[in-house]
Amino acid sequence: MDRKTATRYPILMLHGVGFRDLKWPLYWGRIPSALSAMGAALYYGQQDCWARVEENSKTVKARIRQILDETGAEKINIIAHSKGGLEARMAASSLGMGPAIASITTVGTPHRGSQTVDRLLKAPDSLFNVAAFAVNNWIGLIGDTKPDFFAVCRDFSTDCARRFNEENPDVPGVFYQSYAGVMKTPLSDINLSTANLVVRLIEGENDGLVTVESARWGERFTLLTGCGNRGVSHYDEIDFRRAPLSAEARGSGIADICEVYRQIVTDLAARGL
């Protein structure tokens, strides 16, 4: 193991909506093993999967303090997927944890909300209430303490995103960067084919849930296009399939999402973070 690639500070990985930090199935697929092999010290957020950003960010704040106490580190790096990126930003800004955070890397995070969600929210509240009842009760059985499906959906609207960004500006001294995936066609990921098509028609290029422009944030932005005709979906961003995107690298696209995360760690280490 090449310890030279280990980051100066521990890495806190934050999952997105609809999942929890469980040993099985592991949200991040093969990615943690790939990073641990580089010497990275990994920790997990342990947030609820359907709680609002403001609730989960409190959990993130507590986890940061816990990790710093356990390791004696001065700061941490955060790598966050989807909604987890918003929770990282809120913990850093509104909750005052910026001085304890060296960097925030977001992958497929809806920083600017979704115009598609704006349209969906025009549906009768009764429809959302039925879905919320089912989701909140089921998720409560597996450990969520404050599930709020309807409120989480509203948080993804463009109006809520605008207010969130005004209330949670980037913290000076924290390195912010972002990544966005793009599905080449709706058939790139059968799990997100319908969502990709709908979002594509309303907003443009997306990973099956989040558009490129919504995911763009911070000092540096990287577009993940993948190899060949597949592209990179919202699920590919967390190695949902537990397999390379392509059998071989072709052109400038990536063949394996694990390589993206290895590069993130290598770059953070090079920055002294």
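Relevant structure appears above.
This text gives an overview of the structure that appears in the document.

What counts, and where the lines are drawn
- Residues numbered from 1 in each chain as written.
- Predicted model: local features only at pLDDT ≥ 70, side-chain atom pairs only at ≥ 80, totals over all residues.
- Heavy atoms only, no water.
- Helix = DSSP H or I, 4+ residues; strand = E, 2+ residues; numbered from the N terminus.
- Rg over C-alpha atoms; globule rule 2.2 N^0.38 Å.
- Contact = heavy atoms within 4.5 Å.
- Areas by Shrake-Rupley, 256 points an atom, 1.4 Å probe, with all protein chains shown as cover.
- Core = buried A, V, L, I, M, F, W, Y, C linked by side-chain atoms within 4.5 Å.
- Buried < 20%, exposed > 50% of the residue type's maximum accessible area, 1.4 Å probe, protein only.
- Pairing = 2+ DSSP bridges.
- Axes fitted to C-alpha atoms, helices over the stretch in contact; angles between N-to-C directions.
- Polar contact = N/O pair within 3.5 Å; in protein donor to acceptor, adjacent residues only side chain to side chain.
- Right-handed = clockwise from strand over helix to strand, strands pointing away.
- Phe/Tyr/Trp six-rings, centres within 6.5 Å; stacked < 30°, edge-to-face > 60°.
- Lys NZ or Arg CZ within 6 Å of the ring centre and 35° of its normal.

### A word on the overall build of the protein chain
Turning to step 1, where the next piece is worked out: Along the backbone of the protein chain there are ten helices and six strands.
Turning to step 2, where the next piece is worked out: Relative to the globule expectation of 19 Å for 273 residues, the C-alpha radius of gyration of the protein chain, 18 Å, shows essentially globular dimensions.
Turning to step 3, where the next piece is worked out: If one aligns the C-alpha atoms of the protein chain with their principal axes, the spans along those axes are about 55 × 45 × 35 Å.
Turning to step 4, where the next piece is worked out: Across the protein chain, contacts joining residues at least 24 apart in sequence account for 77% of those joining residues at least 6 apart.
Turning to step 5, where the next piece is worked out: Here the protein chain displays about 12400 Å² of accessible surface, and carbon together with sulfur accounts for 55% of that area.

### Quick word on the nonpolar core
Turning to step 1, where the next piece is worked out: Core analysis: the biggest nonpolar cluster contains 29 residues, and Ile31, Leu35, Ile257, Val260 and Tyr261 have the highest contact counts within it.
Turning to step 2, where the next piece is worked out: No other element matches helix α10 (residues 257-270), which puts seven residues into this core.
Turning to step 3, where the next piece is worked out: Beyond its immediate stretch of four places on either side in the chain, isoleucine 31 contacts Met13, Glu237, Ile238, Asp239, Ile257, Cys258 and Tyr261.

### With respect to the sheet that holds strand β4 (residues 101-107)
Turning to step 1, where the next piece is worked out: Spatial ordering of the open sheet is given by β2-β1-β3-β4-β5-β6, a layout of six strands whose pairing is parallel. The open sheet has two free edges, formed respectively by β2 (42-44) and β6 (220-224), since each of these has just one partner strand. Within the sheet, the average angular offset between the axes of one strand and its neighbour, ignoring direction, is 20°.
Turning to step 2, where the next piece is worked out: With four bridges joining them, strand β1 (residues 11-14) and strand β3 (residues 76-81) adopt parallel strand pairing. By the bridge assignment, methionine 13 is partnered in β3 with isoleucine 79.
Turning to step 3, where the next piece is worked out: Docked against the sheet, helix α2 (residues 53-71) engages β1, β2, β3 and β4, running at close to 145° with respect to β2.

### Let's talk about unusual backbone geometry
Turning to step 1, where the next piece is worked out: Positive phi is not limited to glycine here, since glutamine 46 has a value of about 60°.
Turning to step 2, where the next piece is worked out: Here glutamine 46 is to be found in the loop between β2 and α2.
Turning to step 3, where the next piece is worked out: Residue glutamine 46 is classed as partly exposed on the basis of its relative accessible area of 48%.
Turning to step 4, where the next piece is worked out: One non-glycine residue, arginine 242, adopts positive backbone phi at about 55°.
Turning to step 5, where the next piece is worked out: Of note, arginine 242 is situated in the loop between β6 and α10.

### What to know about the side chain of asparagine 136
Turning to step 1, where the next piece is worked out: With respect to the helices and strands, asparagine 136 occurs in helix α5 (residues 125-141).
Turning to step 2, where the next piece is worked out: Within the local environment of asparagine 136, its side chain forms a polar contact with the backbone nitrogen of phenylalanine 149, the two atoms lying 3.0 Å apart.
Turning to step 3, where the next piece is worked out: Apart from residues lying up to four places away in sequence, asparagine 136 is in contact with Pro147, Asp148 and Phe149.

### Focus on the pairing of β4
Turning to step 1, where the next piece is worked out: The buried fraction of β4 is high, at seven of seven residues.
Turning to step 2, where the next piece is worked out: Note: β3 against β4, six bridges, orientation parallel. Paired with asparagine 77 across the two strands is serine 103, which belongs to β4.
Turning to step 3, where the next piece is worked out: For the segment spanning β3, helix α3 (residues 83-92) and β4, crossover handedness is right-handed.

### Thoughts on the packing of aromatic side chains
Turning to step 1, where the next piece is worked out: One pass over the full model with this rule turns up five aromatic pairs.
Turning to step 2, where the next piece is worked out: Ring plane angle 70° and centroid distance 5.1 Å describe the contact between phenylalanine 19 and tyrosine 27, whose orientation is recorded as edge-to-face.
Turning to step 3, where the next piece is worked out: Among the residues examined, phenylalanine 19 registers a relative accessible area of 27% and is labelled partly exposed.
Turning to step 4, where the next piece is worked out: Taking the centre distance of 4.7 Å and the plane angle of 25° together, the rings of tyrosine 235 and phenylalanine 240 count as stacked.
Turning to step 5, where the next piece is worked out: A network of ring pairs unites the aromatic residues Phe19, Tyr27, Trp28 and Tyr261 as a single cluster.
Turning to step 6, where the next piece is worked out: Cation over ring: arginine 216 sits above phenylalanine 221, and NZ or CZ is 4.1 Å from the ring centre.
Turning to step 7, where the next piece is worked out: One residue, arginine 271, lies across the ring of phenylalanine 175, its end atom 4.0 Å from the ring centre.

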